[in-house]
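Inside the fold
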Amino acid sequence: MAIQTPKGTRDILPNEIHKWNYVEKEFAIICKRFGYQEIRIPVFEYTELFQRGVGDDTDIVQKEMYTFNDKGGRSITLRPEGTAGVVRSYIQNGMSSLPQPVKLFYQITAYRYEQVQQGRYREFHQFGAELLGAQDAAADVEIISILALFFEKIGVKNLILNLNSIGCPECRKAYNELLKEYLSDKISDMCDTCKTRYDRNPMRILDCKVDSCRAHLINAPALLDHICDDCRAHFEQVTHKLETIGIPYNIDRNIVRGLDYYTKTVFEFVSENIGTKGTVCGGGRYDGLVEEIGGQPTPGVGFALGVERLLLEMESQGIEFPEADAPDIYIGAIGERAGQVAEKLTWQLRSKNIYCIKDIMGRSVKAQMKYADKLNVRYTLILGDNEIDSNKARLKDMKTGETKDISLDTLIDRLVKNKA
RNA sequence: GUGGGUAUAGCUCAGUUGGUUAGAGCGCCAGGUUGUGGCCCUGGAGGUCAUGGGUUCGAAUCCCAUUAUUCACCCCA
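Presented here is an overview of the structure given in this document. (Residues numbered from 1 in each chain as written. Chains lettered and ligands numbered in written order. Predicted model: local features only at pLDDT ≥ 70, side-chain atom pairs only at ≥ 80, totals over all residues. Heavy atoms only, no water.)

**Focus: the packing of aromatic side chains**
Across all of its chains, the model carries twelve aromatic pairs by this definition. Ring plane angle 65 degrees and centroid distance 6.4 Å describe the contact between Phe 127 and Phe 150, whose orientation is recorded as edge-to-face. Of this pair, Phe 127 sits in strand β6 (residues 123–132) while Phe 150 sits in helix α5 (residues 137–153), and the two are 23 residues apart along the sequence. As far as the burial class goes, Phe 127 and Phe 150 line up, both buried. Consider the rings of Phe 151 and Phe 269, whose centres lie 5.2 Å apart with planes at 65 degrees: the pair is edge-to-face. With Phe 151 in helix α5 and Phe 269 in strand β9 (residues 263–270), this pair connects stretches of sequence that are 118 residues apart. (Phe/Tyr/Trp six-rings, centres within 6.5 Å; stacked < 30°, edge-to-face > 60°. Helix = DSSP H or I, 4+ residues; strand = E, 2+ residues; numbered from the N terminus. Buried < 20%, exposed > 50% of the residue type's maximum accessible area, 1.4 Å probe, protein only.)

Next comes the structure, spelled out in structure tokens:
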């Protein structure tokens, strides 16, 4: 069996690359319009960054990371997401001395060792943005509005914005006690994972999908109803501002993002057509993360968007992508002498920024024309001894089939003019 | 980590109750008289039928294992 891509990875082939180029470009344009600058971070980091940043308790760190020791014996991990690396860079490069807030966006691959299924791969692509240094609800709303505008710009409709607040460490601590109290007489009846969650991270019990566990949770207190005054005020400002701009949202008390660093606002945009849970992107506020990784206390908010899922959603909505450019002209040649002229002509055209393809197989005129047709070129020009002697050639419009005699001297100028 | 589906040419798939040199469409290459694509016609290349065992006189076909892939659960992007 020939070697294939490893499980959960895939090639992005030329026939679909225009889709990727399109969304990448549009995303960058939107981010820049909001004042975000692109940052590129390493594919791998020291494992400790993710253990501290993403959280030792999370599924990602416990079972999904690609971790190995390098030849120097250092523990290295392929990034499972982008935020931790960006925040590390913020600290390492002294960005707290830059004018605040600092606004960054990125387009990365990320790696998680998981079972693959539709819209979930072991190597996947994320677009993300991070806003560091701003604690006001306006920052949360700006982050969300980048996404809303991006979706609007590329024509993606009907994504639902689910919103929740998971409070700050203080109110979460109080809530965890409340939840444990509520569950104290029920936990013995619940699943094993819930039992371990009960001690380590009771909030995650709310996420359990086991029916018998769910039954016990129906009347469980919701975190959103027990956050502190400060967090409540923040959440109300977020919803109020969203209403002001006109971004619809849905409050979902059950969103508990899978990364430990989130505080206060958490959100996700979900689709109903792409299977599984349909999360196209997720994000939230992470006011404790910079400090956790070793920087000065700095508020932050951001998101990550799954590009594979975005493309799935776009395809299921029948959104048309701009086609890749077709060549302006194909230069064919018969024989050695014409080949040389074609060579030179092609070079001149290309240097004038004309998208020009030339025969390099020495094939028959018929084969060359077929090839030109498949490339979807606009014009063809076949050179032979006659053309070179007369300094004229027949330019053929491949759409209409019309031909026109044209002087080789004026060809370049005409094509350049034609293109402009 | 758990459960189900699938695995035949580059792609999409046929292959009858196990029976000779395994097929089609598309794609690719070439030709249909001298130098012009699309339509049509002809020909060609390309498959250890995922891999390894087993049953059988005989296996693409039945059984087992492995691997890959896919969908779902968990969780996430």
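**A word on the layout of surface pockets**
If you add up the space inside the second largest pocket, you get close to 520 Å³. Lining the second largest pocket are 24 residues, and of these Pro 169, Arg 172, Asp 260, Tyr 261 and Tyr 262 lie nearest its centre. Counting only elements with at least two residues in the lining of the second largest pocket, the list comes to α2 (47–55), α6 (169–183) and α10 (289–293). Counting residues per element, the lining of the second largest pocket draws most heavily on α2, at five residues. Of the residues belonging to the lining of the second largest pocket, the class tally is nine nonpolar, seven polar and eight charged. (1 Å grid on protein atoms, 1.4 Å probe; cavity = no way out; pocket = protein on both sides within 12 Å on 5 of 7 lines; lining within 4 Å. Points joined across faces, edges and corners; volume = space filled by probe spheres on them. Nonpolar A, V, L, I, M, F, W, Y, C, P; charged D, E, K, R; others polar.)

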